[in-house]
Amino acid sequence: MRAAQYDKYGPPEVLHEGTAEKPVAGEGDVLVKVHGSSVNVVELRVRAGALRIATGFGFPKGIGLDFAGEVEAVGDGVAEFAAGDRVWGFLPGLPHGRSAAAAEYLVTRASHLSKAPKGDLVELAALPLVGETALLALREHGHLKAGDRLLVRGASGGVGTVAVQLGKAMGAHVTALVGAKNLQFIRDLGADAALDYRTHDANQLGTFDLILDLNGSRLSTYRRRLTRHGRMVTTSASAIPYILFSTIFGPKRVRAFSAAPRAQLLADLAGYVESGSLKPIVDSVHPLAKIADAHRSLEKGDGRGKRVVRVLP
């Protein structure tokens, strides 16, 4: 089968379309024919070798976490899916081995995916990881409820565009910090207030019941913008030292987490799409053979939403 691969760590140019053996579904597994995948920031670090202690030195390696496609076959013991079902999800852990989600086929546990909502499966591949991350941040870690004031820092990226939409769907008043050129774009997604982060200092803002930080910088400054019982959630690993500090000093604790594929959360996410409350935000679509362009685009930054890889020829 066709699969995106790289033979050494390095810049986007190391990525190419190679071949790998088509996987087989074992007990409890689902074999998925992939229509689309998408690029996440962690994959840039993996490809560059920043996480080589975890990913090792065996090459070639596959790449990609997110996927949306159709069930090709199921293993023994799988009753909830059948051949032809539309499904989506993301692979757990770091991409490794000769193939990952950016390939014609993949095998994953049945508990790691759900039925996909209606829509184009290539575009829907933009949502699973960032969507579950945003849902976890707002609902399970941020305890967002109707009427809360929510601030999203870095709102024009993958997680941010989802968080703005989900925040509105949950009944919150959403303020988004973005670059000047994305102000109208983020308002169109539903933000009640869109502010240029370059011209609006934290001290100029009001107070918030929940702050979702997608940058990992100036946490102490923004923490002061929390209400008495406010919460701050960050997805940045660079914030870990400050998170530890916040657990010791003061009641306004900063929380961090990492997402793992959970069927129920993915099903809940699909429900938001089906209801019209959430749509995938796709910056660009690239064929599998040009996945390097997708990585290059994300590294340059300044985009809106996700870079998607079309796997189908």
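Scroll up to find the structure this text is about.
Just so it is clear, the structure is predicted and the values come from calculations on it, not from any experiment.

> Residues and numbers for the side chain of Arg307, please.
Structurally, the position occupied by Arg307 is in strand E16 (residues 306-310). Reaching out from Arg307, the side chain makes a polar contact with the side chain of Ser297 at a distance of 2.9 Å. Residues in contact with Arg307, not counting those within four places in the same chain, are Ser38, Val39, Asp283, Ser284, His286, Ala294, Ser297, Leu298 and Gly301.

> Which residues make up the packing of aromatic side chains, and what values go with them?
Here the structure, examined in full by the defined rule, presents four aromatic pairs. Geometrically, the ring pair formed by Tyr6 and Phe59 is edge-to-face, given 6.1 Å between the ring centres and 70° between the ring planes. Of the two residues, Tyr6 is situated in strand E1 (residues 2-6) and Phe59 in the loop between helix H2 (52-55) and strand E4 (61-62); the sequence distance between them amounts to 53 residues. The exposure class assigned to Tyr6 is buried, which follows from its relative accessible area of 0%. Seen in terms of ring centroids, Tyr9 and Phe57 are 6.0 Å apart; in terms of plane orientation they differ by 85°. Their pairing is edge-to-face. One end of the pair, Tyr9, is in the loop between E1 and strand E2 (15-19); the other, Phe57, is in the loop between H2 and E4, and 48 residues separate them in sequence. What makes Phe57 exposed here is its relative accessible area of 57%. Cluster of aromatic residues (ring-pair linked, three or more members): Tyr6, Tyr9, Phe57 and Phe59. In this structure, Lys22 packs its charged tip against the face of Tyr105, placed 4.3 Å from the ring centre.

> Let's hear about the sheet that holds strand E13 (residues 226-234): which residues, and what values?
Here we have six strands laid out as an open sheet, ordered E11-E10-E9-E12-E13-E14, and parallel in their pairing. Both edges of this open sheet fall to strand E11 (193-196) and strand E14 (254-256), since each of them pairs with a single strand only. Going from strand to strand, the sheet's axes swing by 20° on average, the running direction of each strand aside. As paired strands, strand E9 (residues 149-153) and strand E12 (residues 208-213) are joined by four bridges and run parallel to one another. Bridging across to E12, Arg153 finds its partner in Asp213. Its contacts with the sheet put helix H4 (residues 128-141) on E9, E12, E13 and E14, and the angle it makes with E12 is roughly 150°. The strands that helix H5 (residues 158-169) touches are E9, strand E10 (173-178) and E12; relative to E9, the one it contacts most, it runs at about 170°.

The rules behind each value
Residues numbered from 1 in each chain as written. Predicted model: local features only at pLDDT ≥ 70, side-chain atom pairs only at ≥ 80, totals over all residues. Heavy atoms only, no water. Helix = DSSP H or I, 4+ residues; strand = E, 2+ residues; numbered from the N terminus. Polar contact = N/O pair within 3.5 Å; in protein donor to acceptor, adjacent residues only side chain to side chain. Contact = heavy atoms within 4.5 Å. Phe/Tyr/Trp six-rings, centres within 6.5 Å; stacked < 30°, edge-to-face > 60°. Buried < 20%, exposed > 50% of the residue type's maximum accessible area, 1.4 Å probe, protein only. Lys NZ or Arg CZ within 6 Å of the ring centre and 35° of its normal. Pairing = 2+ DSSP bridges. Axes fitted to C-alpha atoms, helices over the stretch in contact; angles between N-to-C directions.

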